[in-house]
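# Reading the structure
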Amino acid sequence: MRFMKASVCVVGVSVCVFGVLVSVCRGGELLQPAHSGRGGTGGWLCVGFPCHLLTSDPQGGDSHDLPLRVSPRNHGYEGPSRPFNITPNFMYSVRAYVSILNDTSPSLGAKVEIVIKYHRADGSSHYLTVARHPVARVADGWVLLQGDFKCPSSASMQRKAEMKIQVVEAGVEFLVRGPSVTNIWYGHGWRPHSDTVIQHVRQSNIALNVTTTGNVDPNELRIQVVQKSKAFPLGTVVNSWTYVDERKWRYRDFIHTHFNWAVLESSLKWGHVEPSQGHYNFNLPLRVVDSLRNKGLKIRGHNLIWPLESLVPSWVKELSGEDLRAAVQDHISHTMNRTRGRLEHWDVMNENLHGQWFQERLRDFSFEQTPFRLAHSLDSHVKLFLNDYDIVAHGKLTGAYVAQAQRLQKAGVGLQGLGVQCHFWNEEEPDPYLIKDRLDKLAQTGLPIWVTEFNVVAANETRRADFVEKAMRAFYGHPAVEGILIWGFWDQSHSRGPHAALTKGDTMQLTSAGERFLDLWERQWMTDETHVLSESGSRFNVRGFHGDYEMHVWYQGKELVEFRQNFTLGKTDRSIDVTVRL
């Protein structure tokens with residue numbers, strides 16, 4: 001994207017990131033201030049339905065930010081809007097507060113959205129949903145909608161747009177206040193910022209002190225510090241059926257060689273482990289889990305509850321009331337007991353912002369807490385996660401995810417992490433600026449963030465490699481991200497086909513994207529340094545990535561194996577002393 005020059009940065013802020021100042025620019029407000037003119041709407045446009053600006057906030061909000069009251073409309077797409085000017089290729093942050101005034105039956109709540117309406121030169125319009133809250137209720141009070149977007153570069157676009165608030169249920173009356181549209185960008189670019197975080201968060205100092213005795217000439221000594229494994233979790237999804245196929249041994253070997261974490265693609269899901277009520281089949285997933293663990297990999301469980309109606313087991317859909325609650329309890333209890341001690345994480349509620357089948361069937365919005373409470377009570381050692389999409393790769397549910405996480409944190413149900421899926425669209429180039437902005441919002445919860453299902457799709461291998469590198473640097477270069485798992489690597493076993501693959505063919509040949517991926521993970525983000533004492537002196541530092549290490553001592557071209565040391569480098573600096581004697 002094009003950068004805005006520093007001279008147009010309306011608000012300049014220096015943010016301290018792990019001891020390093022990073023220049024961040026926030027543009028000024030692009031919406032015109034609200035006022036009492038224009039028929040009492042305060043600058044809002046209400047076409048085809050009544051609305052009016054209140055003289056005070058009935059919920060005790062800011063007296064200088066008066067809410068607009070919107071009457072029930074005939075169509076869900078109708079809603080108040082505010083015009084603003086846009087610039088092609090620039091990024092924008094948007095936000096508004098909405099309060100629902102009447103709950104409608106039989107839905108759990110109203111679906112609320114911020115939609116950006118672009119005006120084309122030919123008079124037509126283009127609509128983009130940039131923020132969504134899937135279930136807003138009267139009891140919630142003011143709900144914050146927040147999102148972001150990048151303005152298209154198309155020459156057919158006018159430089160005019162509208163920020164529109166939609167409540168999909170037409171019969172709902174609501175209030176809206178605090179609309180905002182601002183530019184977002186980082187003064188020194190995304191790559192320097194990412195590199196700074198990587199240096200300060202993913203690495204620590206190794207201080208080496210070398211002494212010699214006897215006839216050892218220090219000028220002929222070389223000290224090699226080489227990393228053997230990474231502490232940072234990098235994993236992959238594993239297709240259980242492919243993994244156990246003896247003809248696909250290269251698939252297994254690639255996983256064992258290049259990853260330290262894994263997640264099973266489908267074989268631990270409810271429909272697979274309990275295809276009919278009371279009939280369990282854990283043989284395949286536990287066989288794969290145990291094999292992976294024996295190779296040193298750690299495992300994420302995926303998933304306990306998937307509340308999208310199309311993905312609820314057919315026999316479960318026949319249940320309701322206490323029978324349904326009992327089935328959920330039996331499933332979670334049985335699954336947690338069978339997997340206890342084998343898994344590090346569980347995705348407890350998967351894609352709950354996209355589907356609320358259990359909550360709707362039980363007429364209980366708070367049911368989102370139940371699976372967490374059950375799982376936590378059965379195994380307090382496994383870390384429990386939410387997992388969803390449209391959170392980081394795309395941002396329309398980022399704000400809703402933060403709100404859901406904060407609800408569960410307040411309820412004290414054992415939520416310990418946020419999973420973000422990061423499936424980018426076909427031929428979509430990941431935008432590191434927007435990725436960072438969305439991760440920043442999630443980080444406000446204080447919860448660890450794991451990229452759980454990352455992949456990109458591009459027919460051209462070089463383009464695919466560029467996509468992979470941009471996203472990986474954005475993820476690894478954010479301090480709140482504590483693990484990355486890719487969702488597929490082999491073209492013969494990939495849910496998104498060969499244009500998403502890192503390897504191809506029967507021989508598992510690396511694609512350009514695979515080469516770039518491993519170059520980052522196994523070379524650029526690994527440490528292997530050799531210091532000659534005649535140049536470095538007897539005391540020197542190595543800035544190393546966290547993980548397990550070996551230190552080798554070479555004298556006159558030959559390794560002195562008796563002085564080899566193994567050590568682990570974590571978030572605190574290490575000192576290594578070695579005395580070389582012959």
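Residues numbered from 1 in each chain as written. Predicted model: local features only at pLDDT ≥ 70, side-chain atom pairs only at ≥ 80, totals over all residues. Heavy atoms only, no water.

## Observations regarding the overall build of the chain
So the rule is basically this: Numbering goes from the N terminus for both helices and strands, where a helix is a DSSP run of H or I of at least four residues and a strand is a run of E of at least two. Computation of the radius of gyration draws on C-alpha atoms, with the globule rule given as 2.2 Å multiplied by the number of residues to the power 0.38. A 1.4 Å probe rolled over the protein chains alone gives each residue an accessible area, and that area as a share of the maximum for its type sets the label: buried under 20%, exposed over 50%, partly exposed in between. Residue contacts are counted whenever heavy atoms from the two residues lie within 4.5 Å of one another. Under the convention used here, a 1.4 Å probe and the Shrake-Rupley method define accessible areas, while residue burial counts only the protein chains that appear. Positive charges are assigned to Lys and Arg, negative charges to Asp and Glu, while His and the chain termini are left out of the count. For charged residues, the charge sits on one atom: NZ in Lys, CZ in Arg, CG in Asp, CD in Glu.
Within the chain one finds 15 helices and 30 strands. Since a compact globule built from 582 residues should have a radius of gyration of about 25 Å, the 27 Å found for the chain is in line with a globular shape. Across its three principal directions, the C-alpha atoms of the chain cover 95 × 65 × 45 Å. Within the span of the chain, comprising 582 residues, buried residues form 55% of the whole. If you take every contact in the chain between residues at least 6 apart in sequence, the share linking residues at least 24 apart comes to 77%. Taken as a whole, the chain presents about 24700 Å² of accessible surface, with 46% of it coming from carbon and sulfur. Of the side chains in the chain, 63 bear a positive and 61 a negative charge, and the two mean positions are spaced by 2 Å.

## Brief notes about the packing of helix 2 (residues 190–201) against helix 13 (residues 461–476)
Spelled out, the test is: The axes are straight lines fitted to the C-alpha atoms, using for helices just the contacting stretch, and the angles between their N-to-C directions are given from 0 to 180°. Here roughly perpendicular refers to angles of 65 to 115 degrees, roughly parallel to angles under 35, roughly antiparallel to angles over 145, and oblique to all remaining angles. Should the near helix be turned counterclockwise from the far one by less than a right angle, the crossing is left-handed, whereas a clockwise turn marks it as right-handed. Each residue is assigned to one of three groups, with Ala, Val, Leu, Ile, Met, Phe, Trp, Tyr, Cys and Pro labelled nonpolar, Asp, Glu, Lys and Arg labelled charged, and all others, Gly among them, labelled polar.
Where helix 2 contacts helix 13, the axes come no closer than 8 Å and their chain directions differ by 50°. The angle between the axes of helix 2 and helix 13 places the two elements in the oblique class. Pair helix 2 / helix 13 crosses with left-handed handedness. Note on element contacts: helix 13 touches helix 2 through E469, K470, R473, A474 and Y476, opposite W190, R191, S194, D195 and I198. For the contact of helix 2 with helix 13, the class distribution of residues is four nonpolar, one polar and five charged.

## What about the pattern of salt bridges?
For clarity, the cut-off: We count a salt bridge whenever a side-chain nitrogen from Lys or Arg sits within 4 Å of a carboxyl oxygen from Asp or Glu.
Under the defined criterion, the tally for this structure stands at 26 salt bridges. For R438, the salt bridge is made with D148, and the minimal N-O distance between the two is 2.6 Å. Taken as a pair, R438 in helix 12 (residues 432–443) and D148 in strand 9 (residues 142–150) lie far apart in primary sequence, 290 residues in all. Residue R325 pairs with E322 through a salt bridge whose shortest N-O separation is 3.9 Å. In this pair, R325 and E322 both sit in helix 8 (residues 321–339), three residues apart, roughly one turn of the helix. Its relative accessible area of 59% is what places E322 among the exposed residues.

## Some details on the sheet that holds strand 5 (residues 81–85)
In plain terms, the rule: In this description, strands pair whenever DSSP reports at least two bridges between them.
With respect to topology, four strands assemble into an open sheet ordered 5-10-7-8, the strand pairing being antiparallel. Lying at the two open borders of the sheet, with one neighbouring strand each, are strand 5 and strand 8 (125–136). Adjacent strand axes in the sheet meet at a mean angle of 15° when their direction is disregarded. Looking at chain direction, strand 7 (residues 110–120) and strand 10 (residues 157–167) are connected through eight bridges and run antiparallel. In the strand pairing of strand 10, Y118 is matched with A161.

## Here's the deal with helix 8
An α-helical turn contains 3.6 residues, so a residue and the one three or four places further along point in the same direction. Condition: Take the residue count of a helix, subtract one, and multiply by 1.5 Å to get its expected span.
In a regular helix each residue adds 1.5 Å, so 19 residues correspond to 27 Å; helix 8 covers 28 Å between its end C-alpha atoms and thus fits that length. Every buried residue of helix 8 is accounted for by L324, A327, V328, H331, I332, S333, T335, M336 and T339. Two residues or fewer after helix 8 comes G341, characterised by a positive phi angle close to 85°.

## Considering the nonpolar core
Applied cut-off: Buried Ala, Val, Leu, Ile, Met, Phe, Trp, Tyr and Cys residues form a nonpolar core when they are joined through side-chain atoms within 4.5 Å.
Of all hydrophobic cores here, the largest spans 116 residues; its most connected members are L292, F358, L442, F454, F475 and F489. Here this core gets eight residues from one element, more than from any other, and that element is helix 13. Residues in contact with F358, not counting those within four places in the same chain, are W270, I305, W306, P307, V312, V316, L324, V328 and F367.

## Looking at the environment of W346
With respect to the secondary-structure elements, W346 resides in strand 17 (residues 345–350). A residue is classified by how much of its surface remains accessible, and W346, at 1% relative accessible area, is buried. The sequence separation of W346 and L386 amounts to 40 residues, and the corresponding C-alpha distance is 8.6 Å. In this structure, W346 is in contact with L268, G301, H302, N303, L304, T335, M336, T339, V382, K383, L384 and F385, ignoring residues within four places of it in sequence.

## Let's talk about the environment of R252
Under the convention used in this document: Contacts described as polar in this section are N or O atom pairs within 3.5 Å, which, within protein, must combine one atom able to donate a hydrogen with one able to accept it, while residues neighboring in sequence count only if both atoms come from side chains.
With respect to the helices and strands, the residue R252 is situated in helix 4 (residues 249–258). In this structure R252 comes out as buried when scored by relative accessible area, which is 13%. In this structure, the C-alpha to C-alpha distance between R252 and W44, residues 208 residues apart in sequence, is 59 Å. Excluding anything up to four places from it in sequence, R252 contacts Y243, V244, D245 and E246. A distance of 3.0 Å separates the side chain of R252 from the backbone oxygen of D245, its partner in a polar contact. In this structure the side chain of R252 is engaged in a polar contact, spanning 3.4 Å, whose partner is the side chain of E246.

## Let's talk about the packing of aromatic side chains
Each aromatic ring pair is described using two quantities: the centre-to-centre distance and the angle formed by the ring planes. Note the cut-off: Only centres within 6.5 Å qualify two rings of Phe, Tyr or Trp (six-membered ring in Trp) as a pair; their planes then separate them into stacked at under 30 degrees, edge-to-face at over 60, and tilted for everything else.
By the definition in use, this model includes 21 aromatic pairs. Their ring planes at 15° and their centres at 5.9 Å tell us that F358 and F367 sit as a pair that is stacked. Overall, F358 belongs to the buried group, its relative accessible area being 2%. Each ring, one from F454 and one from F475, has its centre 5.3 Å from the other, and the planes form 85°; the classification is edge-to-face. Of this pair, F454 sits in strand 21 (residues 449–457) while F475 sits in helix 13; the two residues are 21 residues apart in sequence, bridging distant segments of the chain.

## So, helix 13
Over its 16 residues, helix 13 extends 22 Å from the first C-alpha to the last, a length consistent with the 22 Å expected when each residue adds 1.5 Å. All of the buried residues along helix 13 are R464, A465, F467, V468, E469, A471, M472, R473, A474, F475 and Y476. Backbone nitrogen of T462 and a side-chain oxygen of the N-cap are separated by 3.0 Å at the start of helix 13; the cap is N460.

## Some thoughts on the confidence of the model for the chain
The condition is simple: The predictor reports its confidence for every residue as pLDDT, a score running from 0 up to 100.
Looking at the chain as a whole, its pLDDT mean stands at 92, while 93% of the residues score no less than 70. Taken as a whole, residues 1–24 scores under 50 in pLDDT and shows 49 contacts with residues more than four places along the chain or in a different chain.

## Section: the sheet that holds strand 30 (residues 574–580)
Pairing is mixed across the open sheet formed by three strands, whose spatial order is 26-12-30. The strands lining the two open edges of the sheet, one partner per strand, are strand 26 (539–545) and strand 30. Neighbour-to-neighbour, the strand axes of the sheet open up by a mean angle of 25°, direction not taken into account. Both strand 12 (residues 203–212) and strand 26 contribute to a ladder of seven bridges, which runs antiparallel. Looking across to strand 26, one finds that N205 is bridged to R543. Packing against the sheet, helix 2 makes contact with strand 12 and strand 26, and its axis sits at approximately 50° to strand 12.

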